[in-house]
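Coordinate inspection notes
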Amino acid sequence: EIETLYCIGCGAQLQADDQQQAGYIPANTLAKYLKQSATQDLYCQRCFRLRHYNEVSQVPIEDAHFKHLLAKIGHEQALVVYVVDLFNFSGSVIQQLKRYIGNNPVLLVGNKADLIPSSFNRNKLKNWLQHQAKILGLQPLDIELVSAKKLTNIDQLLVKISQLRKNRDVYVVGTTNVGKSTLINAIIRSHSGWQDLITTSNFPGTTLNEIRLPLADGGELIDTPGIVHKNQISQFLSRKELKYIAPQSEIHPRIFQLQAQQTLFLAGLARLDFISGPAGSFVVYVDNNLYVHRTKLQQADEFYQKHLGELLTPPVSAETFPPLQSQTITTKEKSDIVFSGLGWIAVPEQVQVKAYLPQGLQIEVRSSLI
Ligand code: GDP
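Predicted model only: the values in this text are computed from it and were never measured. (Residues numbered from 1 in each chain as written. Predicted model: local features only at pLDDT ≥ 70, side-chain atom pairs only at ≥ 80, totals over all residues. Heavy atoms only, no water.)

Here we look at the site of the ligand
Within the structure, the ligand sits among 15 residues, and Asp-114, Asn-177, Lys-180, Ser-181 and Thr-182 are positioned closest to it. Between an oxygen atom of the ligand and a side-chain N or O atom of Asn-111, the distance comes to 3.1 Å. Interatomic distance of 2.9 Å between a backbone N/O atom of Ala-148 and an oxygen atom of the ligand. In isolation the ligand has 570 Å² of accessible area, and contact with the protein removes 76% of it. With 3 residues, helix H7 (residues 180–189) is the single largest residue contributor to the shell around the ligand. Residue composition of the shell around the ligand, grouped by class: 3 nonpolar, 8 polar and 4 charged. (Near = heavy atom within 4 Å. Polar contact = N/O pair within 3.5 Å; in protein donor to acceptor, adjacent residues only side chain to side chain. Areas by Shrake-Rupley, 256 points an atom, 1.4 Å probe, with all protein chains shown as cover. Helix = DSSP H or I, 4+ residues; strand = E, 2+ residues; numbered from the N terminus. Nonpolar A, V, L, I, M, F, W, Y, C, P; charged D, E, K, R; others polar.)

Describing helix H3 (residues 63–74)
Compared with the 16 Å implied by 1.5 Å per residue over 12 residues, the 17 Å span of H3 between its first and last C-alpha is a close match. For H3, the elements touching its buried residues are strand S1 (78–85), helix H4 (97–101) and strand S4 (169–173). (Expected span 1.5 Å × (residues − 1). Contact = heavy atoms within 4.5 Å.)

As for the domain arrangement of the protein chain
Assigned domains of the protein chain: these are domain 1 (2–53), domain 2 (63–223) and domain 3 (234–367). Domain 1 and domain 3 are separated by 43 Å when their C-alpha centres are compared. (Domains from an automatic or database assignment.)

Section: the packing of aromatic side chains
Under the defined criterion, the tally for this structure stands at 8 aromatic pairs. Aromatic side chains Phe-87 and Trp-344 sit 5.8 Å apart centroid to centroid with 40° between the ring planes, which places their arrangement in the tilted category. Here Phe-87, found in the loop between S1 and H4, pairs with Trp-344, found in strand S14 (residues 343–347); they are 257 residues apart in sequence, far enough to count as distant. Judged by its relative accessible area of 7%, Phe-87 falls in the buried class. Relative accessible area serves as the criterion here: at 2%, Trp-344 is assigned to the buried category. Taking the centre distance of 4.8 Å and the plane angle of 45° together, the rings of Phe-274 and Phe-282 count as tilted. (Phe/Tyr/Trp six-rings, centres within 6.5 Å; stacked < 30°, edge-to-face > 60°. Buried < 20%, exposed > 50% of the residue type's maximum accessible area, 1.4 Å probe, protein only.)

Details of the packing of helix H6 (residues 154–165) against H7
When two helices pack together, their arrangement is captured by the angle between the axes and the distance separating the axes. Relative orientation of the contacting elements H6 and H7 amounts to 85°, with a least axis distance of 10 Å. Looking at the two axes, H6 sits roughly perpendicular to H7. For the pair H6 and H7, the contacting residues are Ile-154, Leu-157 and Leu-158 in the first and Leu-183, Ala-186 and Ile-187 in the second. Taken together, the residues of the contact of H6 with H7 break down into 6 nonpolar, no polar and no charged. (Axes fitted to C-alpha atoms, helices over the stretch in contact; angles between N-to-C directions. Parallel < 35°, antiparallel > 145°, perpendicular 65-115°, else oblique.)

Topic: the sheet that holds strand S7 (residues 254–258)
Read across the sheet, 5 strands follow the order S7-S10-S14-S13-S16 without closing on themselves; strand pairing throughout is antiparallel. Both outer strands of the open sheet, S7 and strand S16 (363–367), are each paired with one neighbouring strand and no more. Adjacent strand axes in the sheet meet at a mean angle of 25° when their direction is disregarded. Where strand S13 (residues 335–339) meets S14, 5 bridges bridge the pair, whose relative direction is antiparallel. Its bridge partner lying in S14, Ser-335 is registered against Val-347. (Pairing = 2+ DSSP bridges.)

Considerations on helix H5 (residues 122–135)
Across its 14 residues, H5 extends 20 Å between first and last C-alpha, which sits within 8% of the 20 Å expected from 1.5 Å per residue. On the buried face of H5, the contacting elements are S1, strand S2 (106–111), strand S3 (142–145) and S16. A distance of 2.7 Å separates the backbone nitrogen of Asn-123 from a side-chain oxygen at the start of H5, and that oxygen is part of Asn-121. Gly-137 lies just past H5 and shows a positive phi near 80°.

Here we look at the sheet that holds strand S12 (residues 324–330)
Here we have 5 strands laid out as an open sheet, ordered S11-S8-S9-S15-S12, and antiparallel in their pairing. Edge positions in the sheet fall to strand S11 (292–296) and S12, since each of these pairs with one other strand and no more. Geometrically, the sheet is characterised by an average inter-axis angle of 20° between neighbouring strands, direction not taken into account. In the sheet, S12 pairs with strand S15 (residues 352–358) via 7 bridges, with the strands oriented antiparallel. Bridge pairing in S15 places Leu-324 opposite Pro-358. Each of strand S8 (262–266), strand S9 (270–276), S11 and S12 is contacted by helix H9 (residues 297–307), which is oriented at about 125° to S11, the strand it contacts most.

Here's the deal with the side chain of Arg-366
In this structure, Arg-366 sits in strand S16. Residue classification places Arg-366 among the buried residues on the basis of a relative accessible area of 15%. Here Arg-366 is in contact with Trp-128, Ser-335, Asp-336, Val-338 and Trp-344, once residues within four sequence places are set aside.

The following block contains the structure:
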């Protein structure tokens, strides 16, 4: 019977099996409506929350569909607000974004600024983002650093959007997990700064793929779905395990004075061997609660075998976790070895290191953020 029911808000086929997918409705809610034969009023949970709590949530979509939606932007006059995760920039990259959005202007938003140690100079952080954008072929009109969660700089962002959009529609784009939903919710709830950005009292029908929010002075703010970024450690971890790697508050750098032939383990998820070079500081930027273990390189393999899933956890199980695979890196300058989704380790200049991640994941090297 459920096969034939559709959400009247977004048109998605209703289903009670998977909360993460489109059209989800809790089974007991559905049963209640069925009993009353009131199925013409049925909303999926996502539309229900949007209508009643002004709360946005997203469902992931297929790659091809995502690109199709993005390509649409290129044919319109729009301001593109591109949201990235400052803690996980490589996981925020939308390949060929420029190609899809055409010549539309971009406002780059670095979210989760609350995680970046306060010792980091914010202007340098902006310059760094600017540089990263350039590598992606983007020339953002401006860059804002915000925290959707802590509501930092949200009003400033709204003012910036209103200045830059010049009556155009505003598309908000980003990969999943950059905090786009949190940001849209913060925008909806913002009552200072630019008060009437969104007339929340009346949402027009949402579509399955986009949430269109009317702007007070005409036009719309369109929340597009996120795409799941591949090449992320998250794909090997359960929801529970993910909680251990996603930082919740400002990262406190952990400094290790290392000599050559020493190894650091980031729980059981990643590893860094200091092969050769002068002794120096290695600074670890990961979730404050993630266990970092230092050992001698000589016994590191054996240690990993023995303690994976126990002392070195997450992962919680050694069985289902893919083997680590290494890459040798020689630094010229002070560099960050980036373990995508997990964080990074700042290493000194002129050293040779071996960095490990689960098979199939790419390690990145960048000139040091600080
Ligand atoms: P979306 O997939 O891009 O819509 O991302 P969500 O809004 O669902 O957020 C993904 C995760 O990032 C959630 O665990 C959020 O709590 C977290 N998050 C979102 N914004 C921030 C932020 O500004 N700071 C921090 N520390 N976490 C955030």
